[in-house]
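Geometric and topological summary
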Number of protein chains: 2
Amino acid sequence: MHRITAAVAPPSPDGRGKDAEFAASVTEVLDHFFASRDGELSRLGDVYVNAVRELRSFVLRGGKRIRPTFAWLGWLGAGGDETGSQADSVLRACAAWEFIQACALIHDDVMDASCTRRGEPSVHTRFADVHRRASWRNDPAKFGESVAILLGDLALCWADDLFHEAGLRSDQVARATHVWSAMRTELIGGQLLDVVGEASADESMETAIRIDRYKTAAYTVEQPLHFGAALAGADPRQIRAFRAFGRDIGVAFQLRDDLLGVFGDPAVTGKPVGDDLRQGKRTVLLAVALRTADAENPSAAGLLRDKIGTELSDNDIADLREAVHELGAADDIEARIDVLRQGAFSALDAAPIDPGIRDRLHGMAWSATRRSL
Amino acid sequence: MHRITAAVAPPSPDGRGKDAEFAASVTEVLDHFFASRDGELSRLGDVYVNAVRELRSFVLRGGKRIRPTFAWLGWLGAGGDETGSQADSVLRACAAWEFIQACALIHDDVMDASCTRRGEPSVHTRFADVHRRASWRNDPAKFGESVAILLGDLALCWADDLFHEAGLRSDQVARATHVWSAMRTELIGGQLLDVVGEASADESMETAIRIDRYKTAAYTVEQPLHFGAALAGADPRQIRAFRAFGRDIGVAFQLRDDLLGVFGDPAVTGKPVGDDLRQGKRTVLLAVALRTADAENPSAAGLLRDKIGTELSDNDIADLREAVHELGAADDIEARIDVLRQGAFSALDAAPIDPGIRDRLHGMAWSATRRSL
């Protein structure tokens, strides 16, 4: 009980400092990786060099390195030694997750026709602009999408290259390969469920939960932790604890993201206001709202079904936010997040995991799932 | 001299029989690989299972297995033993190239908005139809493209999985990984040059040759041969010979494809008549035609520049074919193909490569580059 109480306190400044330091090391590894490809790209000419420069800046400016950090903490938590001879190789393997993430975001933005990402024009938008400025032939949007598809493909290939060139021992590769391969198959499956759910306007809670689980949760926390733990040769109890913790925190993280997608401040999310509503994302938040509306408030149900996933004015967005809020859906999701976080901490705290690392995981979990004020 | 003469004779029936047998083994490996993913896919539900069924049928009905075959011949030619204990692992690693090819074709068809592939609806077209039949929300075409992007991504990941799960020895993986990784970076680069060349209506011979080299030539013959040879632990002379042969035959193969793209019979190519002309592909054939037209026939040059890459009627196609032919561009390309083939055979014949395999390579090279009557 003591631990659970401690866990909901904000993370220690020490843990945050270490996380920032680690994120900087990941960026450095990625930068070196890009440099290692210079010769190969130059042989194909400036067109390729310049396009990959955009990929580089996208990857290097990318966020909090949350997946590499979880992988690293999985390794440390299961006995990895950050001053040992294996640390550099493990760091590189962890950094490889950022290339998976780059592909996922770049292709996702093409599929969702999202114009912005991390508060800047998305990759396909950038290349559509290049086409427009040069007054090239045919459709600028189609051109932008094509280049983005190819750069996403490249990121996916480079994820593998970085993993396999990391300098890991063959027993480490053998243990981690299964996690790596399952992660990619499940991530793509989760995205597919998302695309199909949106097109078919699937309202089921089951679909929404499954999308959360596979598109984000598994891939953001559970699998990175497992990957790192596998590199360290973790025992089954440690792996089970990491997976249970990761599953719950991952889903909680996605639920937080669902709330931000509807109620978030564009200055914080880097996305337009109410973006998920415009797009018709099939979130658990929406499934909860619809279920309550069907039971209690048919006119709210009608509003949600008529409007969500269409062109929305700012007034429409405000009405929809109000309706979702009044149906109690946001409170329901907050309560789910709390339950998941508590479950996650219990799983972690019961397992033989390095206590310092456990604290850092508490901190990470906390900052990924707390209300942003 | 004797050998070169022999080489331009049609391939032996024996070699063709072995190639067909090998292609069937590749299909079997791919089928097993799909089966190995059943459990994983089922966990995500029927939507994923059904989508991957389309990928499976696309991959299994796929063509002549030309890349796996070159890889296999590279291995045998450098001393691999097809009755030895390594043969199954090498076969699996060779089959992995078909997943790269699946991704390349599926994503290419999205980028080119091609409706057909191998005489059937392309993957994105198929899923647009699913959307249309179900009367789902939003744009069917966009939905089809999204699913095709994801299935292409999956094929790219599975290429790696199959390579790394093939059961190769670690020294083999170490030698082949560099070829595998360079192949993917260069293939994506070649496709990028193609997309940019088309948009910018780049007329230079240099660009056209570079696209041929990287988008098709290297990836179809040179790199598969090198990959197979690396698995066998080939010596540098063998690798140099395979690469020289592969480079020339690969470019010759692409030049043949350029001719088919303009003059080919849709029943043979599986593509609409004059498809490259409609699409404005920047081929060497077109670069030659434009260069000659600029020097000798300004009205033909005007016709080519006005029409290529626009909506074309059947009469326009006939006029353009006539113009390209009268400018001597087709003959020029035929002559280049002959020179490349002779160079390729000389390189191969001078190197210490198993004579039986050399004959099969002659046969492969011949059928990939000869006039189809």
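Residues numbered from 1 in each chain as written. Chains lettered and ligands numbered in written order. Predicted model: local features only at pLDDT ≥ 70, side-chain atom pairs only at ≥ 80, totals over all residues. Heavy atoms only, no water.

Residues and elements named next belong to chain A. Counted under the stated rule, the structure contains 30 aromatic pairs over all chains. With centroids separated by 6.4 Å and ring planes inclined at 20°, the aromatic side chains of Trp-97 and Tyr-219 adopt a geometry described as stacked. On the criterion of sequence distance, the pair formed by Trp-97 in helix α6 (residues 87–112) and Tyr-219 in helix α10 (residues 205–231) is long-range, its members being 122 residues apart. Assessed through its relative accessible area of 0%, Trp-97 is described here as buried. Members of the aromatic cluster, each reached through a chain of ring pairs, are Trp-97, Phe-163, Trp-180, Tyr-219 and Phe-227. Of note, Arg-213 hangs over the ring of Tyr-214, and the distance from its end group to the ring centre comes to 5.2 Å. (Phe/Tyr/Trp six-rings, centres within 6.5 Å; stacked < 30°, edge-to-face > 60°. Helix = DSSP H or I, 4+ residues; strand = E, 2+ residues; numbered from the N terminus. Buried < 20%, exposed > 50% of the residue type's maximum accessible area, 1.4 Å probe, protein only. Lys NZ or Arg CZ within 6 Å of the ring centre and 35° of its normal.)

The next point concerns the side chain of Arg-117 of chain A. Residue and element names in this part refer to chain A. Structurally, Arg-117 is set in strand β1 (residues 116–117). Residue classification places Arg-117 among the buried residues on the basis of a relative accessible area of 14%. Not counting the four nearest positions on each side in its chain, Arg-117 is found in contact with Phe-58, Leu-105, Asp-108, Asp-109, Ser-122 and Lys-271. (Contact = heavy atoms within 4.5 Å.)

A few words on the side chain of Glu-186 of chain A. Assignment of secondary structure puts Glu-186 of chain A in helix α9 (residues 170–199). Accessibility expressed as a relative area gives 5% for Glu-186 of chain A, which makes it buried. If we skip the residues at most four places from it in the chain, Glu-186 of chain A touches Tyr-214, Ala-218 and Gln-223 of chain A together with Arg-43 and Leu-44 of chain B.

It is worth spelling out the pattern of salt bridges at this point. The full count for this structure, using the stated rule, is 66 salt bridges over all chains. Note that Lys-142 of chain A is salt-bridged to Glu-145 of chain B, the shortest N-O span being 3.6 Å. On the criterion of chain membership, the pair formed by Lys-142 of chain A in helix α8 (residues 140–164) and Glu-145 of chain B in helix α8 (residues 140–164) is interchain, its members lying in two chains. Assessed through its relative accessible area of 16%, Glu-145 of chain B is described here as buried. Here Asp-235 of chain A makes a salt bridge to Arg-237 of chain A, at a shortest N to O gap of 3.6 Å. Beyond isolated ion pairs, a larger network of salt bridges with shared partners links Arg-37, Glu-40, Asp-161 and Glu-165 of chain A together with Asp-160 and Arg-184 of chain B. (Salt bridge = Lys/Arg side-chain N within 4 Å of Asp/Glu carboxyl O.)

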